[in-house]
Amino acid sequence: MAFSYQNVKLDKGMYQEAGSTFTQVLERQDPSEQYKGTSLEGMDAFQRQLKRFDIKVKGAGSDVVEKFFRTSDSAVLFPEYIARSVRQGMEGDILPHITAAVTQFEGMDYRSITSEAGGENKELRQVDEGAVIPSTTIQVQANLVKLRKRGRMLVASYEAVRFQKLDLFSVTLRQIGAHIARAHLEDAVEVLRSGDGNGNAAPVDKTAKAGALTYDDLVDFWARFDPYEMNALLVSGDVMVKLLKLPEFQNPLTGLNFQGTGKLATPLGATLLRTSVLPAGTAIGLDKNFALEMVRSGDVMVEYDKLIDRQLERAAITTISGFAKVFQAASRVLEV
């Protein structure tokens, strides 16, 4: 049986179609739906092109980088392979655990929204017959979301990597992705603490005794989130140590879960997330369902011309993103 993926014409222009990724362009020419019930079910269009040119990118039997450049068609796949490897390195970070929404858009100017409840409070009280229904007004924020371009320049000669296995080469690319993810986290923490320029900096609480952290401090901090829920707690390394030394954190079930999964939940039900991007003596509590919006302009970008025409002389790997506060009261800062 002949499959259409074997006859797709690949060219650099597939990266330039406005509003579409390379894989989306491929999918339009070679839809995955037509492979249901076949041995290729479960692969996307890019993975089928790797199969077409017999390029193995994972495992001990992975091919060398040079195999992408055996033909002009297969060379077109190389930038997408780089972008996917970088995205893999970005996936294992903290951001998904603290982000309420991810907005993807094309452009550089983006305004987030905010909402205010009319009346005395935000509770949905009973409405008597003929009475006015309380309203919540959704408005566009006054200031634009600050978008930042993050990335790395990959500089290497084709000769320097031509005999390297793709599996090993992917490790370097995933590390670049991890560095970009860390930079994003720094931006997110800055917005959670200081706001996004719309006067919505997080309220700051302090422990009863400077330099010391007690369980009472943690309970008081948790109680201030009403009507939100503190379900995530970002902490610096020294605060993490103080928390682990609290008697309440030495419950056998808490320790067993930490040893078995590597994830530590506080006795108050919040997921504890340690990060070195926070300054010493700082913790940020938040309701991850309402606190933060991540805004991305496009996807991971790879400067493909140099990769294809000059065989990896210089390659710019970049992303453009920013963060916005959704509800100010959904995040608070605790200084120890």
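Provided above is the structure to which this section pertains.
Residues numbered from 1 in each chain as written. Predicted model: local features only at pLDDT ≥ 70, side-chain atom pairs only at ≥ 80, totals over all residues. Heavy atoms only, no water.

**Details of the nonpolar core**
Then comes step 1: Ranked by internal contacts, the top residues of the largest apolar core, which has 36 residues, are Phe68, Tyr81 and Leu173.
Then comes step 2: Those elements giving two or more residues to this core turn out to be helix H1 (22-29), helix H2 (45-52), helix H4 (78-91), helix H6 (166-194) and strand E12 (314-325).
Then comes step 3: In contact with leucine 173, not counting residues within four places along its chain, are Tyr81, Ile82, Ser85, Val86, Leu154 and Ile317.
Then comes step 4: One finds Val189, Ala202, Leu273 and Val333 within the second-largest nonpolar core, a separate group that totals 23 residues. (Core = buried A, V, L, I, M, F, W, Y, C linked by side-chain atoms within 4.5 Å. Buried < 20%, exposed > 50% of the residue type's maximum accessible area, 1.4 Å probe, protein only. Helix = DSSP H or I, 4+ residues; strand = E, 2+ residues; numbered from the N terminus. Contact = heavy atoms within 4.5 Å.)

**Concerning the packing of H4 against H6**
When two helices pack together, their arrangement is given by the angle between the helix axes and the distance between those axes.
Then comes step 1: One can describe the packing of H4 onto H6 by two numbers: an axis separation of 6 Å at closest approach and a directional angle of 55°. Overall, the two elements H4 and H6 adopt an arrangement that is oblique. Of the two possible hands of crossing, H4 and H6 adopt the one that is right-handed. The segment H4 lies against H6, with Phe78, Tyr81, Ile82, Ser85, Val86, Gln88, Gly89 and Met90 engaging Leu166, Phe169, Ser170, Leu173, Arg174, Gly177, Ala178, Ile180, Ala181 and His184.
Then comes step 2: The residue makeup of the contact of H4 with H6, split by class, is 11 nonpolar, 6 polar and 1 charged. (Axes fitted to C-alpha atoms, helices over the stretch in contact; angles between N-to-C directions. Parallel < 35°, antiparallel > 145°, perpendicular 65-115°, else oblique. Left-handed = near helix turned anticlockwise from the far one by under 90°. Nonpolar A, V, L, I, M, F, W, Y, C, P; charged D, E, K, R; others polar.)

**Structural notes on the layout of surface pockets**
Then comes step 1: As a volume, the largest pocket reaches approximately 570 Å³.
Then comes step 2: The element contributing the most residues to the lining of the largest pocket is H4, with 4 residues.
Then comes step 3: Its residues placed into classes, the lining of the largest pocket shows 9 nonpolar, 10 polar and 5 charged.
Then comes step 4: Volume-wise, the second largest pocket comes out at about 480 Å³.
Then comes step 5: Taken together, 19 residues form the lining of the second largest pocket, with Gln47, Leu50, Val57, Lys58 and Gln88 sitting closest to its centre. (1 Å grid on protein atoms, 1.4 Å probe; cavity = no way out; pocket = protein on both sides within 12 Å on 5 of 7 lines; lining within 4 Å. Points joined across faces, edges and corners; volume = space filled by probe spheres on them.)

Nothing here speaks to function; it is all geometry.
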